[in-house]
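Residue-level structural notes
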Amino acid sequence: AALSSTAQAGDFPNSFLWGAATSSFQIEGATQADGRGESIWDRFCRQPGAISDGSNGDIACEHFQRLEQDLDLIASLGVNCYRFSIAWPRVQPLGQGAWNAAGLGFYERLVDGLLQRGIKPVATLYHWDLPQALQDQGGWAMRDTVHHFVDYARHVQKHLGDRLYALSTHNEPWCAATLGHETGVHAPGLRNRALAAQVSHHLLLSHGLAVQAMRADGGCKSLGIVLNMGPSMPATAHPADIAAARLYDARFRRWYSDPVMRGQYPAEILAELGADAPTIHDGDLQAIAVPIDHMGINYYSRQVVSASGAHWNARAEGLPVSDMDWEIYPEGLTDILCQMHADYPNLPPLYITENGGAFPDQAMQNGVVQDLDRLDYLQTHIAAVAEARRRGVRVDGYMVWSLMDNFEWAFGYSKRFGIVHVDYATQVRTPKASALWYRDFLRQWRQR
Ligand code: GBH
């Protein structure tokens, strides 16, 4: 379907959340400060060849030290929410046992600083930085880790819950399970399909049990989970490609959304896994299907699937790609939102918790990086959200990935997703053209 190229500010209600997103390991640095424990990403970065530019998260954007400046930066964009994640090893260095009040204190200062500036804090408990001490005991492959996560979630909510606008358990469990344990390109760098399947089940179970426990404790009014997805589309009209695309969608999206929304795993994937299927205890699926108050959707691109595999960098239609080689396909955002709406009658309000693109830095003009490709990406994807809303999907927020250039996991600092430029030599932050456009768009929206 054709989309109007510019989203109209009037398409979005007063209550709409507009924000920018980050995650702890990607921006904080200060990996030794205030008693923080080691995370699996600290360890993984030391594995030769794991990170394409040989970098790590020791310094990153120095967000930990530059908190006040970054709070002012966030406020200067005119956003009304900010999405961040909490580093478990700061709050509980070994992932069990002793709590580290100084570590939690950082997030208290962050949350209070946001509230003082009229910005709603939207937090995630787990954006992949597991305490290494838990990995040493088997990590997410162990059922014990589920219970440790629930303790951690309850502790965070007890101290921060009533100040958080929304709290999500996991960010993109597909990535944590598959990239971390099957393809091995993310921490902890393992390559074992059965292990990855078990990990995915434990991540989901920890979500369900944490939501249940946090809701019983009381605190944050909106509890949910963040899933990554995009439409899986067949490369050709050949029936084998169509079947492969359906199967890929079940593996990549429904393996997570079906248990969360309806308490069952896709039967075709359980069959495909065979002996590699996870061990599931009685009651696990009911626990995973605990009602949630919101669901976060992270969207970057579609997947083009053929019987021989899935491709993010499909150039079949000659569509432009980002610096990650991912197709720029805004219609896919409308499509996947409508798909979720169609699949699940009990779907809670959705937030786009991540959307954005990596693009190589363009030349500076008048001190501003002219990232017109990113600006266009944001405009067309915001228009795609407006289109989904017109088609009846309840989307209540949109958060750009990312606030600023940061540590892009296996790609280190070589890929830039920020609407704010970071000069890593000086740590100077400079809003790019996309950030200035976003600020102006939000001003129009407020004044409409
Ligand atoms: C998000 O993941 C992360 O939440 C965020 O931390 C990260 O910085 C950001 O996106 C940009 O990457 O992985 O090679 O199989 C995005 C996850 C990326 C998952 C595309 C599916 C498909 C290609 N998605 N990916 S691959």
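Residues numbered from 1 in each chain as written. Predicted model: local features only at pLDDT ≥ 70, side-chain atom pairs only at ≥ 80, totals over all residues. Heavy atoms only, no water.

Looking at an unreviewed UniProt entry, one finds the chain named Beta-glucosidase, with Roseateles aquae as its source organism. UniProt annotates the chain under Sequence similarities (unreviewed entry) with the comment "Belongs to the glycosyl hydrolase 1 family." (UniProt positions renumbered as here; feature names shortened; annotations may be inferred.)

**Describing the overall build of the chain**
Looking only at helices and strands, the chain has 15 helices and 15 strands in total. At 20 Å, the chain has a C-alpha radius of gyration in line with the 22 Å of a compact globule built from 448 residues. Among the 448 residues that make up the chain, the fraction classed as buried is 61%. Of the contacts made within the chain by residues no fewer than 6 positions apart, 77% connect residues no fewer than 24 positions apart. Total accessible area on the chain stands at roughly 16,300 Å², and carbon and sulfur atoms take up 51% of it. Here the chain carries 37 positive and 48 negative side-chain charges, and the mean point of each set is 4 Å from the other. (Helix = DSSP H or I, 4+ residues; strand = E, 2+ residues; numbered from the N terminus. Rg over C-alpha atoms; globule rule 2.2 N^0.38 Å. Buried < 20%, exposed > 50% of the residue type's maximum accessible area, 1.4 Å probe, protein only. Contact = heavy atoms within 4.5 Å. Areas by Shrake-Rupley, 256 points an atom, 1.4 Å probe, with all protein chains shown as cover. Lys, Arg positive; Asp, Glu negative; His and termini not counted. Charge placed at Lys NZ, Arg CZ, Asp CG, Glu CD.)

**Things to note about the environment of Trp41**
Within the secondary structure, Trp41 is located in helix α2 (residues 40–45). We classify Trp41 as buried; its relative accessible area is 0%.

**Observations regarding unusual backbone geometry**
Here the residue pair Ala187 and Pro188 is connected by a cis peptide bond, since its omega of 5 degrees sits within 30 degrees of zero. Mapped onto the fold, Pro188 is located in the loop between α8 (173–181) and α9 (193–217). In this structure, Ser402 follows Trp401 across a cis peptide bond, with omega equal to 10 degrees. Along the polypeptide, Ser402 turns up in the loop between β13 (395–401) and β14 (420–423). Non-glycine residue Trp128 carries a positive phi angle of around 85 degrees. By secondary structure assignment, the location of Trp128 is in the loop between β3 (120–126) and α6 (132–135).

**As for the side chain of Thr169**
Residue placement: Thr169 occurs in strand β4 (residues 166–171). A residue is classified by how much of its surface remains accessible, and Thr169, at 1% relative accessible area, is buried. Within the structure, Thr169 has its side chain in polar contact with the side chain of His207 (distance 2.8 Å). (Polar contact = N/O pair within 3.5 Å; in protein donor to acceptor, adjacent residues only side chain to side chain.)

**Points about the site of the ligand**
The environment of the ligand is made up of 17 residues, and the closest members are Gln26, His127, Glu172, Trp312 and Glu408. Note that an oxygen atom of the ligand is positioned 2.8 Å from one of the side-chain N or O atoms of Trp409. For the ligand, whose unbound accessible area comes to 570 Å², protein coverage reaches 84%. Ranked by residue count, the leading element in the shell around the ligand is α8, at three residues. Broken down by class, the residue content of the shell around the ligand amounts to 10 nonpolar, four polar and three charged. (Near = heavy atom within 4 Å. Nonpolar A, V, L, I, M, F, W, Y, C, P; charged D, E, K, R; others polar.)

**Regarding α8**
When you tally the buried positions in α8, you get nine out of nine residues, the bulk of the element. On its buried side, α8 packs onto β4, α9, β5 (223–228) and α10 (239–262).

**Focus on the pattern of salt bridges**
Counted according to the given criterion, the structure contains 34 salt bridges. Salt-bridge contacts for Glu272 lead to Arg251; the nearest nitrogen and oxygen are separated by 2.8 Å. With Glu272 in helix α11 (residues 267–273) and Arg251 in helix α10, this residue pair connects regions lying 21 residues apart in the sequence. The exposure class assigned to Glu272 is partly exposed, which follows from its relative accessible area of 30%. Salt bridges linked by common partners bring Asp11, Glu387, Arg390 and Arg391 together as one network. (Salt bridge = Lys/Arg side-chain N within 4 Å of Asp/Glu carboxyl O.)

**What to know about the packing of aromatic side chains**
Going through the model one piece at a time under the given rule, you end up with 35 aromatic pairs. Taking the centre distance of 6.0 Å and the plane angle of 85 degrees together, the rings of Tyr300 and Phe417 count as edge-to-face. Within this pair, whereas Tyr300 is found in the loop between β7 (294–298) and β8 (303–306), its partner Phe417 is found in the loop between β13 and β14, the two being separated by 117 residues in sequence. We note that Tyr300, like Phe417, is buried. Pairwise contacts between aromatic rings join Phe12, Phe16, Trp18, Tyr398, Trp437, Tyr438, Phe441 and Trp445 into one cluster. Its guanidinium or amino end placed over the ring of Tyr165, Lys120 lies 5.4 Å from that ring's centre, counting from NZ or CZ. Looking at Arg302, its charged tip hangs above the ring of Tyr329, at a distance of 4.3 Å from the centre. (Phe/Tyr/Trp six-rings, centres within 6.5 Å; stacked < 30°, edge-to-face > 60°. Lys NZ or Arg CZ within 6 Å of the ring centre and 35° of its normal.)

**A word on helix α13 (residues 331–343)**
For α13, with 13 residues, the first-to-last C-alpha span of 18 Å sits near the 18 Å given by 1.5 Å per residue. Those residues of α13 that sit buried are Gly332, Leu333, Thr334, Ile336, Leu337, Cys338 and Met340. Where α13 is buried, its residues touch α10, β7, β10 (350–354), α14 (372–390) and β13. (Expected span 1.5 Å × (residues − 1).)

**So, the nonpolar core**
Phe12, Trp18, Trp41, Phe84, Met295, Tyr398 and Tyr438 are the most contacted members of the largest nonpolar core, which totals 149 residues. Counting residues per element, this core draws most heavily on α9, at 10 residues. What Trp41 contacts, discounting residues up to four positions off in sequence, is Phe25, Ile51, Trp128, Asp129, His186, Ala187, Phe407, Trp409 and Ala410. (Core = buried A, V, L, I, M, F, W, Y, C linked by side-chain atoms within 4.5 Å.)

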